[in-house]
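# Examining the three-dimensional arrangement
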Amino acid sequence: AGIAHEFNNSLTSILGLADWLLFVLPKDAEGRHEVAGIRRGAADMAAMVGKLQDFSRVSPVTEPHEVIDPAELVRPVADEARKRAGVQSERRGVAIDVVVELSRTATVRTAPCEARQILDHLVQNGLEAMADGGCLTIRCREADGEVRLEVSDQGAGVAENDRRRLFEPFFTTKRGSSLGLGLSTSRSIAERL
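Presented here is a report on the structure given in the accompanying data block. Predicted model, so just to flag it, every value in this text is computed and none were measured. All residue numbers here refer to positions counted from 1 along the written sequence of the relevant chain. Reporting of local features is limited, given that this is a predicted model, to residues whose pLDDT is at least 70; pairs of side-chain atoms are given and counted only at 80 or more, and all residues count toward the totals for whole chains, interfaces and linings. The side-chain quantities take in all heavy atoms of the structure and omit both hydrogens and water.

## Overview of the side chain of Gln117
Going along the chain from the N terminus, every DSSP run of H or I of four or more residues is numbered as a helix, and every run of E of two or more is numbered as a strand. Relative to the helices and strands, Gln117 resides in helix H4 (residues 112-129). Whether two residues are in contact is decided by their heavy atoms: any pair within 4.5 Å suffices. Leaving out residues up to four positions away in the same chain, Gln117 has contacts with Met48, Thr185, Ser186 and Ile189.

Printed below as a string of structure tokens:
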């Protein structure tokens, strides 16, 4: 709860400055798209902090649901994925491609920040899984009367013993800074949505 509160303070500054920049920058100004991306990312993080506060019983937060085109969820996540893939390709010396397949689908009623959070966790895991490079695909399609958002990668996969634990909070197969909350949080959000 204390850490969530500190994050919230910093995010308030980021959101405030991004809003100010969007207000003063002309509509066609160079960098405006990037500022909008920073603002969207900070707003998504603020919503996640709200979920942490809810989890710690500090302040329950529920994001309102909206009727949206699923492509609106995919595009910003794909833009960020391409940037991450470029950085990881350069750092690791391997080729990582991001492919987006958007089919026309029905609109959906969802909490956009939470849906993007799920996609973002899956994309991050996919990029990290491709140690030798490969292609990450983000797909939006309609099948059997359902709108499906899919993320697939060409990584080595997950060991059978680990698959059973993938959705356990704090379980991770990664070394370093991973907290092991991405998939458990994503599953919780998906079930709630």
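The structure having been displayed, the exposition proceeds.
## Quick notes on the nonpolar core
Only buried residues count toward a nonpolar core, which is a set of Ala, Val, Leu, Ile, Met, Phe, Trp, Tyr and Cys residues joined through side-chain atoms within 4.5 Å. Three exposure classes are used, based on accessible area relative to the maximum for each residue type with a 1.4 Å probe and protein chains only: buried under 20%, partly exposed in between, and exposed over 50%. Counting 18 residues, the largest nonpolar core has Ile96, Val98, Val123, Leu127, Leu136 and Ile138 as its most contacted members. With six residues, helix H3 (residues 71-92) is the single largest residue contributor to this core. In contact with Val98, not counting residues within four places along its chain, are Ala81, Arg82, Ala85, Leu136 and Ile138. Membership of the second largest hydrophobic core comes to five residues, among which are Ala4, Leu15, Ala42 and Val49.

## Considering the packing of aromatic side chains
Between rings of Phe, Tyr and Trp, where Trp is taken as its six-membered ring, a pair exists when centres lie within 6.5 Å; planes separated by under 30 degrees are stacked, by over 60 edge-to-face, and by other angles tilted. Tallying each qualifying case throughout the model produces zero aromatic pairs. Residue placement shows Arg187 over the ring face of Phe167; its charged tip is 4.7 Å from the ring centre. Working rule: Lys NZ or Arg CZ, within 6 Å of ring centre, within 35 degrees of ring normal, means a charge sits over the ring.

## Quick notes on a nonpolar patch on the surface
Here a patch means residues that are over 30% exposed by relative accessible area and free of salt bridges, tied together within 9 Å if like-charged and within 5 Å if nonpolar (Val, Leu, Ile, Met, Phe, Trp, Tyr). Residue burial considers only the protein chains on display, and all accessible areas are found by Shrake-Rupley using a 1.4 Å probe. For this document, the term salt bridge refers to a Lys or Arg side-chain nitrogen within 4 Å of an Asp or Glu carboxyl oxygen. Residues Trp20, Leu21, Phe23 and Val24 make up a contiguous nonpolar surface patch of roughly 450 Å² in combined accessible area. Summarising the element assignment, Phe23 is placed in helix H1 (residues 2-24).

## What about helix H6 (residues 182-192)?
Every buried residue of H6 is accounted for by Gly182, Leu183, Ser184, Ser186 and Ile189. Against the buried residues of H6 lie H4.

## Focus on the pairing of strand E4 (residues 134-143)
With seven of its ten residues buried, E4 lies for the most part within the structure. Inspection of the sheet shows strand E2 (residues 96-102) paired to E4 by seven bridges, in the parallel sense. Within the sheet, the bridge partner assigned to Ile96 lies in E4 and is Gly134. With antiparallel pairing between neighbouring strands as the criterion, E4 and strand E5 (residues 146-152) make up a hairpin whose turn holds two residues, including Asp144 at a positive phi of roughly 55 degrees. Criterion used throughout: strands pair if DSSP finds at least two bridges between them.

Read these as layout, nothing more, since geometry by itself doesn't imply function.
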